[in-house]
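The residues making up each chain are set out below.
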Amino acid sequence: MAGPRTTAHNAGTTRGHDQSAATPLMTLTYRSRATTPLSESQLGDLQHSAAARNRAESITGMMVYNDDRFFQWLEGPPASIARIWSSISRDTRHADIEALSVHSAPTRLFANWSLKLTTGQGDPLIDDLTAAAMSSTNTAAERLAALVIATEPTEARLLLLAAHAEFRSISALTELLIEPAARCLGDLWADDDCGEYDVTLGLCRLQTFLREIAVDSVQQQHAHPLVVLVAPLPGEIHMLGASLDAEALWQAGHETRIRFPSTEQALKQIVATDWFDAIDLSLSPAFTREHRADQMTHIIDAVRRASMNPSLVVIAGGRAFYDRRLSGATVHADATSTSAAHLPGDLARAHRAHA
Ligand SMILES: Cc1cc2nc3c(=O)[nH]c(=O)nc-3n(C[C@H](O)[C@H](O)[C@H](O)COP(=O)(O)O)c2cc1C
């Protein structure tokens, strides 16, 4: 493709944002894949409306669209970032959405752009930013992971409370900080920088702090709430994933029952005794646990046979599905979920497809 090209019209420009030191600034980068290729005019429309909302939210940034892939850099007040991210991450025009980094920033890089759009590569600034974000770790999550396994986890708790005060969104806190921190814990273990006990301890503490933060959450009204069983796969000792999933589904208005069956038999007993519209089964949010995919497939088959509901919707989650982007079919589930933040949407789609 030819060199960089920014759109001819000025939809993405802004008069510049004030850099008041009092306003905390956050930067979020992500990449994703267009579900169907966008024409030039569709891309122009997307930029036009996105730039208008960004302006209203004091967000600035840029978006690269190349080879059906998106890369976006957003900067602005954390609560605005959380609101925009909630919309972007639910947008069906793209998939395989992966937050690459989120951290506080001293200054804006795109102060004059509500949304700069480029469709080419070769712009040194864009190339540098893309490379930096792709290789950069999620610094806030890395810090949280280190703090949560410290002897005294007070700082981890304070970091989460402060992040929540800024985001004002449990779902953004979950997807941008808690889930990445869980994966960082798994990476620390893989690099021999901590033991398995530390990972389990860290995940438990994240779960405890999240409960503390979410205690005042308000449940949304749902026109057609579903009864959902949320459980870690029997034998999975990491429960943070199930806990985040239960929180997200409850907040979205569903009737959520969380259980921790230790055996396949115990799980079958639960679905044979009570009616569930759907079941969410999760593997560890920290470890990939690919070797357990076969067991998960076997358990899902057994659960379907034992269930009172012959049309039970099954969703599978855990780091394995985040890292490998495996489809539901690989484990005989109806869908997979890469983040608790997307679970209500994943469930709604899977339930519609089943109906
Ligand atoms: C790749 C991509 C990038 C987007 N970037 C932005 C953005 O920077 N700002 C924005 O307001 N909307 C953006 N959108 C559009 C949002 O996903 C969403 O459609 C819009 O904000 C309306 O929000 P709502 O659906 O929650 O009403 C983007 C969509 C896509 C597919």
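These lines cover the structure that appears in this document, whether it is placed above or below. Here the structure is a predicted model, which is why all the values come from computation and not from measurement.

Glancing now at the pairing of strand β7 (residues 255-258). On a regular strand, one side chain projects to one face of the sheet and the next to the other, so that they alternate. Here four bridges tie strand β6 (residues 227-232) to β7, and the two strands are oriented parallel to one another. For Val230, the partnering residue across the bridge sits in β7 and is Ile258. Read from β6 through helix α8 (residues 240-251) to β7, the crossover connection turns out right-handed.

The subject of this paragraph is the sheet that holds strand β1 (residues 26-34). Taken in spatial order, the five strands of this open sheet run β4-β1-β3-β2-β5, and their pairing is mixed. With one partner strand each, in any of the chains shown, β4 (94-104) and β5 (116-118) form the two edges of the open sheet. Taken over all neighbouring pairs, the strand axes of this sheet differ in orientation by 10° on average, direction set aside. In this sheet, strand β3 (residues 69-76) lies alongside β1 in antiparallel orientation, the contact comprising eight bridges.

A few words on the sheet that holds strand β9 (residues 313-317). With respect to topology, five strands assemble into an open sheet ordered β7-β6-β8-β9-β10, the strand pairing being parallel. Both outer strands of the open sheet, β7 and β10 (335-337), are each paired with one neighbouring strand and no more. On average, adjacent strands in this sheet sit at an angle of 25° to one another, irrespective of strand direction. Alignment of β6 against strand β8 (residues 278-282), held across five bridges, turns out to be parallel. The residue of β8 that forms the bridge with Val230 is Asp280.

Around the ligand lies a shell of 16 residues, among which Arg53, Asn54, Gln72, Ser87 and Asp91 are the nearest. Here a nitrogen atom of the ligand sits 2.7 Å away from a polar atom, N or O, in the side chain of Asn54. The side chain of Arg93 places a nitrogen or oxygen atom 3.3 Å from an oxygen atom of the ligand. Burial of the ligand by the protein chains amounts to 77% of its free accessible area of 610 Å². When residues of the shell around the ligand are traced back to their parent elements, those giving at least two are α1 (40-56), β3 and α2 (78-90). Tallied by class, the residues present in the shell around the ligand amount to eight nonpolar, four polar and four charged.

Counting across every chain of the model gives two cavities of 30 Å³ or more. Computed from the structure, the largest cavity encloses a volume of approximately 170 Å³. Of all elements in the fold, only α6 (170-190), α8 and α11 (319-324) reach the threshold of two or more residues within the lining of the largest cavity. The leading source of residues in the lining of the largest cavity is α8, at three residues.

Looking now at the packing of helix α5 (residues 154-167) against helix α7 (residues 196-214). At a minimum axis separation of 10 Å, α5 and α7 run at an interaxial angle of 40°. Judged by the angle between their axes, α5 and α7 are oblique. Where α5 crosses over α7, the handedness of that crossing is right-handed. Touching Ala156, Arg157, Leu160, Leu161 and His164 of α5 are Leu206, Phe209, Glu212 and Ile213, all from α7. For the contact of α5 with α7, the residue count by class is six nonpolar, one polar and two charged.

Assignment of secondary structure puts Thr297 in helix α10 (residues 293-306). Take Thr297: its relative accessible area is 13%, and that puts it in the buried class. With near-sequence residues (within four places) excluded, Thr297 lies in contact with Thr330, Val331 and His332.

If you look at the biggest cluster of nonpolar residues, it comprises 48 residues, and the most contacted ones within it are Leu160, Phe167, Leu173 and Leu206. Contributing elements (two or more residues each) for this core: β1, α2, β4, α4 (139-148), α5, α6, α7 and α8. Of the residues forming this core, the biggest block, 10 residues, is contributed by α6. Listed in part, the 22 residues of the second largest apolar core include Ile299, Ile300, Ala316 and Ala333.

For the rest of this paragraph, the subject is the side chain of Arg108. Residue placement: Arg108 occurs in the loop between β4 and β5. Within the buried set, Arg108 has no salt-bridge partner at all; the shortest N-O distance to an opposite charge, 5.0 Å, is to Glu75. One polar contact links the side chain of Arg108 to the main-chain carbonyl oxygen of Ser58, over a distance of 2.9 Å. In this structure the side chain of Arg108 is engaged in a polar contact, spanning 3.3 Å, whose partner is the backbone oxygen of Glu75.

Before going further, it helps to spend a moment on the pattern of salt bridges. Applying the stated criterion to the full structure yields 15 salt bridges. Salt-bridge contacts for Glu264 lead to Lys268; the nearest nitrogen and oxygen are separated by 3.7 Å. Of this pair, Glu264 and Lys268 both sit in helix α9 (residues 264-273), four residues apart, which is roughly one turn of that helix. Here Glu264 falls in the partly exposed class, since its relative accessible area comes to 23%. Residues participating in the shared-partner salt-bridge network are Asp187, Arg319 and Asp323.

The rules we used
- Residues numbered from 1 in each chain as written.
- Predicted model: local features only at pLDDT ≥ 70, side-chain atom pairs only at ≥ 80, totals over all residues.
- Heavy atoms only, no water.
- Pairing = 2+ DSSP bridges.
- Helix = DSSP H or I, 4+ residues; strand = E, 2+ residues; numbered from the N terminus.
- Right-handed = clockwise from strand over helix to strand, strands pointing away.
- Axes fitted to C-alpha atoms, helices over the stretch in contact; angles between N-to-C directions.
- Near = heavy atom within 4 Å.
- Polar contact = N/O pair within 3.5 Å; in protein donor to acceptor, adjacent residues only side chain to side chain.
- Areas by Shrake-Rupley, 256 points an atom, 1.4 Å probe, with all protein chains shown as cover.
- Nonpolar A, V, L, I, M, F, W, Y, C, P; charged D, E, K, R; others polar.
- 1 Å grid on protein atoms, 1.4 Å probe; cavity = no way out; pocket = protein on both sides within 12 Å on 5 of 7 lines; lining within 4 Å.
- Points joined across faces, edges and corners; volume = space filled by probe spheres on them.
- Parallel < 35°, antiparallel > 145°, perpendicular 65-115°, else oblique.
- Left-handed = near helix turned anticlockwise from the far one by under 90°.
- Contact = heavy atoms within 4.5 Å.
- Buried < 20%, exposed > 50% of the residue type's maximum accessible area, 1.4 Å probe, protein only.
- Core = buried A, V, L, I, M, F, W, Y, C linked by side-chain atoms within 4.5 Å.
- Lys, Arg positive; Asp, Glu negative; His and termini not counted.
- Salt bridge = Lys/Arg side-chain N within 4 Å of Asp/Glu carboxyl O.

Geometric values such as these leave the question of function open.
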